[in-house]
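Close look at the chain arrangement
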Amino acid sequence: ASPRPRLRGISTCRPRRRCDPPTNRAVTASRPTASPRPSAAPTTTSPTILAVCDGRTGSFPYAGRTLHCIEVDGEIVNFWPGPSRGLKTCKVSDETSCPAGFAPWVPRSYNHAKAVLDHADVLGRPYTELVGVYRDSSGKSACDKFPLNSDAQAACSDGVPWTSVAPDEPWWLSGEEDLSVSGNYDSGCWLKTFDLRSSSLGFDADDKNCERCFTKYICSTNVVEFYPSPAPTVSPGPSAVPTPVPTPGPTPTPTPAPTPVPTPTPTPGPTATPTPAPTPSPTSAPTPVPSTAAPSPVPTTPAPSAVPTPSPTRRWWRVQPFDCAAHPNPLQLIKTPDSGFRVQERGVDGVFGDVYDAAAFATSNTVSAAAMYRDEATGEHFAFASFGNRLCAFDAGDQDCWQGSKFRSSGANLAAFIGSTYYYTRGDFGGNKNADAVHAVRDVDKYEPYVSTDADVRVRVKKNLFGGSVFDLAAVVERGAEVFEDGDVDGAYLVGLGRQHWSRTTETRLVVFKIDPATRLVDRYAVLRSALDWTNKDFTAHPRVESRSNFGAAFSYENAAGRRVVFASSAQWGLFELDLETVAIPSACWNAGLDASVHVACPESETILRYVGESTVPDTDLTSMWKHDGLNCVDATPEL
């Protein structure tokens, strides 16, 4: 029979007490055999449930999913990724979707944490945010200023220390530095971890009361196993007596006798003569065979598979793609009267109806800046929005939020994608010092996207040139031919409409931002006059009653039929399409630089926005800038 793996973690230490490291005891047949009665309980719990890797490394089916067993510092650790929508857990007393004998994973060391994070890349960041560490007291504790690891916390005697779901095991969140948790903590609640910075700094973490809840997490038995030891495991008991007698006797006699006799005789004889003859002959013949035929098929297979792997496995989000085939028309993320959020699609009658309830945003009042990302490799589309000043991917029932840097502009409410770059800002270009610029999150499709900083701002905006506000953006990308007349055939642009004052004029402002292809940052903008063409509007059937309207939802389509950029009126006047042939931007109209006081509008250029149909959201007030935002599948063919 194969030897059973050894387990670490059988210790008599009590929770939150500093103890010597637990001894590494082998779970072998000799211990339970000697005392079957008392060992019945630990035998059932430890060997059956805890020794899940059975001394092996690799990935194995377990409890309907996949168990991963990896080696870290000579020990075998395990982790089991739960379902993408597991039981919601906010604190240690909550139920989880972990199998029997498992709990939320607990890092034992920096190396352990890094190894699991590296292996869990394919799952996306949300899976690794929950670790099984908590404290049995609310508010602040003197132990908060100690590094968050089992040794340091055991040394804290002036407060309630942090502990883990595996109290007899070593645990680690930070090394020499404390995480400076803020103290807004509720007893028993989970911490939320972000980036693993270094062996000294450890994880960045947040103790925000009990608001850190999780439906995606990694489970583990939180004990380590060892490779079976051949020497003591094979025959520790029975070979103790007979081994010393037979081993020294037979070994010295037979070994030296046969070795010297045959070796000197055959070696010099056959080697000298046959070697020179066969060597040149076989060398020339077999050489071309292995060098050409054998190695060629080997590198041919892994080469193509190595290229597509990084793209789908290195993302930080794991939500489901949006069904563009079923929903090709303009979409809006709308805040409903019951304080929920819904994704709605415009029907052929101009009325928006529910696609799904965005349940993941149920607890927030500030979800906006919605935009649709298209994966160039697969053609799939994914919905994104700003949630708590962070970029989040979302679907019907879930959200994955990037936990790196927050947005530079708080209260972002307009956004658009160009390639894998998400552009966003606050529509009134106010509220904080960073709001008078358009910011970017580059490489959204990668595991580590880049959130632009204040130092990246190339141009600041003078908002009174367009009535003070823009409420959504649409993207226009040229591909070797001009769409906007400005002398560039490969330009990339973001367009939005300024505030419209119905009672005074039918004219509004079109704001055009241009992207620097080298940096993928906005580096200039122009403000053009834009007239509303109501030719197709039936005022008898659809009278306009509001004196003023924003345009809070923008949509951009690019397909075989051509390009279309349309805007929806927040006062529900209707849907307006930008006549792309009327957009001409003289070089003198571009505003650049950080001194917005010298920026001007472009008086000689006028664009046309034509009414193309109704745009109605029943029973919903859309006048606030945070009440609705547009998004769409860019390559779909809508019915406008």
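All of these numbers come straight from a predicted model, not from anything done at the bench.

**Considerations on the overall build of the protein**
Helix and strand content of the protein: 11 helices and 34 strands. Within the protein, buried positions represent 48% of all 640 residues. Sequence-distant contacts, at least 24 apart, represent 63% of the contacts inside the protein between residues at least 6 apart. Put simply, the protein shows about 28800 Å² of open surface, and 55% of that area lies on carbon and sulfur atoms.

**Observations concerning the sheet that holds strand β13 (residues 331-335)**
Strand pairing in a sheet relies on backbone hydrogen bonds, with the paired strands running either antiparallel or parallel. The 4 strands lie next to each other as β15-β14-β13-β34, forming an open sheet whose pairing is antiparallel. This sheet does not close on itself; its edge strands, each paired only once, are β15 (352-357) and β34 (628-631). With direction set aside, neighbouring strand axes in the sheet form an average angle of 30 degrees. Where strand β14 (residues 341-346) lies against β15, 5 bridges are found, and the strand directions are antiparallel. Along β15, the bridge assignment pairs Glu345 with Gly353.

**Some words on the pattern of salt bridges**
Under the defined criterion, the tally for this structure stands at 23 salt bridges. Notably, a salt bridge pairs Arg524 with Asp523, separated by 3.2 Å at the nearest N-O pair. Judged by its relative accessible area of 31%, Arg524 is partly exposed. What makes Asp523 buried here is its relative accessible area of 16%. Ionic contacts of the salt-bridge type, sharing partners, join the residues Lys216, Asp398 and Asp400 into one network.

**So, the pairing of strand β10 (residues 203-206)**
Note that strand β9 (residues 192-196) and β10 share 3 bridges and pair antiparallel. Looking at the pairing, Lys192 lines up with Asp206 of β10.

**A look at the environment of Leu631**
Note on placement: Leu631 falls in strand β34. Taking the relative accessible area as the measure of exposure, Leu631 reaches 4% and is therefore buried. Sequence separation of Leu631 and Ala553 is 78 residues, and the distance between their C-alpha atoms is 7.5 Å. Beyond its immediate stretch of four places on either side in the chain, Leu631 contacts Pro330, Leu331, Gln332, Leu333, Ala370, Ala371, Met372, Ala383, Ala554 and Phe555.

**Here we look at the environment of Arg315**
Tracing the backbone shows Arg315 in the loop between α11 (310-313) and β13. With relative accessibility at 9%, the residue Arg315 sits in the buried group. Along the sequence, Arg315 and Asp443 sit 128 residues apart, while their C-alpha atoms lie 9.7 Å from each other.

**Section: the nonpolar core**
If you look at the biggest cluster of nonpolar residues, it comprises 41 residues, and the most contacted ones within it are Ile70, Phe102, Val133, Trp162, Trp171, Leu173 and Ile218. The set of elements that each furnish at least two residues to this core consists of β4 (65-72), β5 (75-81), α3 (110-119), β7 (133-135), β11 (218-220) and β12 (224-226).

**Looking at the sheet that holds strand β25 (residues 492-497)**
The strand order β24-β25-β27-β28-β33-β32-β31-β30 describes an open sheet built from 8 strands, whose pairing is mixed. Unpaired on one side and paired on the other, β24 (474-477) and β30 (553-559) mark the two borders of the sheet. For this sheet, the mean inter-axis angle between neighbouring strands, taken without regard to orientation, is 35 degrees. With 3 bridges connecting them, strand β31 (residues 562-568) and strand β32 (residues 575-578) associate as antiparallel partners.

**What about the state of the cysteines?**
This model, assessed by the stated rule, comprises 8 disulfides. The disulfide partner of Cys90 is Cys213, and the S-S distance across this bridge is 2.0 Å. Disulfide Cys90 to Cys213: torsion about the S-S bond roughly 110 degrees, handedness right-handed. Within this pair, whereas Cys90 is found in the loop between β5 and β6 (103-104), its partner Cys213 is found in the loop between β10 and β11, the two being separated by 123 residues in sequence. By relative accessible area, which is 15% here, Cys90 ends up buried.

**Some words on α3**
If you check which residues of α3 are buried, you get His112, Ala113, Ala115, Val116 and Leu117. Each element contacted by the buried residues of α3 is listed here: β4, β5, β9, β10 and β11.

**Here we look at the confidence of the model for the protein**
Scored by pLDDT, the protein comes out at a mean of 77, with 71% of its residues at no less than 70. Within the protein, β24 carries the highest mean pLDDT (98), whereas strand β2 (residues 24-25) carries the lowest (35). Contacts of residues 1-49 to residues separated by more than four positions or lying in other chains number 72 contacts, the stretch itself having pLDDT below 50. Contacts for the low-pLDDT stretch residues 231-235, under 50 throughout, to residues beyond four places or in other chains number 2 contacts.

**Some points on the packing of aromatic side chains**
Inspection of every chain in the model, using the stated rule, returns 26 aromatic pairs. Following the ring pairs from residue to residue traces out a cluster consisting of Trp316, Trp317, Tyr373, Phe382, Phe384, Trp402, Phe407, Phe417, Tyr422 and Tyr424. The ring centre of Phe60 lies 4.2 Å from the NZ or CZ of Arg56, which sits over that ring.

**So, the side chain of Asp486**
Relative to the helices and strands, Asp486 resides in the loop between β24 and β25. Accessibility expressed as a relative area gives 18% for Asp486, which makes it buried. Of note is the side chain of Asp486, whose polar atom sits 2.8 Å from the side chain of Tyr493. A polar contact is formed between the side chain of Asp486 and the side chain of Lys514, at a distance of 3.0 Å. Setting aside its immediate chain neighbours within four residues, Asp486 contacts Tyr493, Lys514, Ile585 and Trp590.

**Thoughts on unusual backbone geometry**
A positive phi angle, close to 60 degrees, is found at Asn222, a residue other than glycine. In this fold, Asn222 is placed in the loop between β11 and β12. Although it is not a glycine, Arg520 sits at a positive phi angle of roughly 60 degrees. Overall, Arg520 belongs to the partly exposed group, its relative accessible area being 29%.

**Looking at the environment of Val459**
Here Val459 shows up in the loop between β23 (450-451) and β24. Residue Val459 is classed as buried on the basis of its relative accessible area, which comes to 4%. Aside from chain neighbours lying at most four places away, what touches Val459 is Asp436, Ala437, Val522, Asp523, Arg524, Tyr525, Asn591, Ala592, Gly593, Leu594 and His599.

**Overview of the side chain of Asn78**
With respect to the helices, strands and loops of the structure, Asn78 is situated in strand β5. Relative accessible area serves as the criterion here: at 3%, Asn78 is assigned to the buried category. In terms of polar contacts, Asn78 uses its side chain to reach the side chain of Thr221, at 2.8 Å.

About the cut-offs
Residues numbered from 1 in each chain as written. Predicted model: local features only at pLDDT ≥ 70, side-chain atom pairs only at ≥ 80, totals over all residues. Heavy atoms only, no water. Helix = DSSP H or I, 4+ residues; strand = E, 2+ residues; numbered from the N terminus. Buried < 20%, exposed > 50% of the residue type's maximum accessible area, 1.4 Å probe, protein only. Contact = heavy atoms within 4.5 Å. Areas by Shrake-Rupley, 256 points an atom, 1.4 Å probe, with all protein chains shown as cover. Pairing = 2+ DSSP bridges. Axes fitted to C-alpha atoms, helices over the stretch in contact; angles between N-to-C directions. Salt bridge = Lys/Arg side-chain N within 4 Å of Asp/Glu carboxyl O. Core = buried A, V, L, I, M, F, W, Y, C linked by side-chain atoms within 4.5 Å. Disulfide = S-S within 2.5 Å. pLDDT = per-residue confidence, 0-100. Phe/Tyr/Trp six-rings, centres within 6.5 Å; stacked < 30°, edge-to-face > 60°. Lys NZ or Arg CZ within 6 Å of the ring centre and 35° of its normal. Polar contact = N/O pair within 3.5 Å; in protein donor to acceptor, adjacent residues only side chain to side chain.

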